[in-house]
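# Observations on the three-dimensional arrangement
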Amino acid sequence: MAAMDTAVFHFLQGLRTAWGDGVLVAVTELGDAAVPIPVTAAVLVWLLWRRAWYAAAYWLGAIVFAAAFTSTLKTVLQVPRPVDLYAAGSFSFPSGHTVVSATLYGLLALLAAREVRPRWRAGVAAAAAIFVAAIAFSRLYLGAHWLSDVLGGGAFAVAWVALLGIAYLRHNPPRLGAGGL
């Protein structure tokens, strides 16, 4: 995996342009705390306003656990980043942008897809997947993470959202109404 990490890193660094940097910095910022925190808060407030206590608990628990798990794993493993972009003590594995974005938008897609007509569900899931994939790719392109960081973070987040989705849907929670989501 180390050889693949290095090969992908060097390949993408060779493709970088000023225009591509500008676009992918904007994309990566969608995974920075400045976006996921307000999105998490807005969805939580909306769920609480709708008195969807069960969904709100899953929502908040999912995001908090994903962020805490990522921080803990980074601290324990201390994998260095490909390029020293951040302050000392900022480690690489797993990609926090990937874990939090995939958890946030994956669970949001799960909640929203349940509320729309069946023919729209694949579109909701595809939109979330494309959004998360763009954020994950931006981390690779900008040299902030190794391929293994993004793949590991994505694998954890997909498993986490799948587990939460199964548990959430097993209890047959009431409908939330698609408009707000």
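Values in this document were obtained by computation on a predicted structure and should not be read as measured data.

### Considering the nonpolar core
In terms of nonpolar packing, the biggest core is built from 33 residues, with Leu47, Ala55, Trp59, Tyr105, Trp160, Tyr168 and Leu176 touching the most fellow members. Broken down by secondary-structure element, the contributors of at least two residues to this core are helix H2 (18–29), helix H3 (36–49), helix H4 (53–77), helix H5 (96–113), helix H6 (118–141) and helix H7 (147–170). Ranked by the residues each element gives to this core, the list is headed by H5, at 8 residues. When sequence neighbours within four positions are dropped, the list of residues in contact with tyrosine 168 reads Tyr54, Ala55, Tyr58, Leu110, Leu111, Pro173 and Leu176. In terms of nonpolar packing, the next biggest core, distinct from the first, is built from 5 residues, Leu12, Leu140, Leu147 and Val150 among them.

### Details of the packing of aromatic side chains
This structure, assessed with the given rule, holds 11 aromatic pairs. One aromatic cluster is present, built from ring pairs that chain together Phe65, Phe69, Phe156 and Trp160.

### Concerning the side chain of serine 148
Along the polypeptide, serine 148 turns up in helix H7. In this structure the side chain of serine 148 is engaged in a polar contact, spanning 2.7 Å, whose partner is the side chain of aspartate 5. Beyond its immediate sequence surroundings of up to four residues, serine 148 is in contact with Met1, Asp5 and Phe93.

### Considering the packing of H5 against H6
Packing of H5 against H6 brings their axes to within 9 Å, and their N-to-C directions diverge by 170 degrees. Of the possible angle classes, the one that applies to H5 and H6 is roughly antiparallel. Between H5 and H6, the residues in contact are His97, Thr98, Ser101, Ala102, Tyr105, Ala109, Ala112 and Ala113 and Arg121, Val124, Ala128, Phe131, Val132, Ile135, Ala136 and Arg139, respectively. Residues belonging to the contact of H5 with H6 are distributed by class as follows: 11 nonpolar, 3 polar and 2 charged.

### Details of the environment of valine 35
Its location among the elements puts valine 35 in the loop between H2 and H3. The spacing of valine 35 and serine 101 is 66 residues in sequence and 9.6 Å in space, taken between C-alpha atoms. Beyond its immediate chain neighbours, meaning those up to four positions away, valine 35 contacts Glu29, Leu30 and Tyr105.

### Here we look at the side chain of serine 101
Structurally, serine 101 can be placed in helix H5. On the basis of relative accessibility, which here comes to 0%, the residue serine 101 falls in the buried class. Reaching out from serine 101, the side chain makes a polar contact with the backbone oxygen of histidine 97 at a distance of 2.8 Å. When residues no more than four places from it in sequence are discounted, the contact partners of serine 101 are Gly31, Gly96, Gly106, Val132 and Ile135.

The rules behind the values
- Residues numbered from 1 in each chain as written.
- Predicted model: local features only at pLDDT ≥ 70, side-chain atom pairs only at ≥ 80, totals over all residues.
- Heavy atoms only, no water.
- Core = buried A, V, L, I, M, F, W, Y, C linked by side-chain atoms within 4.5 Å.
- Buried < 20%, exposed > 50% of the residue type's maximum accessible area, 1.4 Å probe, protein only.
- Helix = DSSP H or I, 4+ residues; strand = E, 2+ residues; numbered from the N terminus.
- Contact = heavy atoms within 4.5 Å.
- Phe/Tyr/Trp six-rings, centres within 6.5 Å; stacked < 30°, edge-to-face > 60°.
- Polar contact = N/O pair within 3.5 Å; in protein donor to acceptor, adjacent residues only side chain to side chain.
- Axes fitted to C-alpha atoms, helices over the stretch in contact; angles between N-to-C directions.
- Parallel < 35°, antiparallel > 145°, perpendicular 65-115°, else oblique.
- Nonpolar A, V, L, I, M, F, W, Y, C, P; charged D, E, K, R; others polar.

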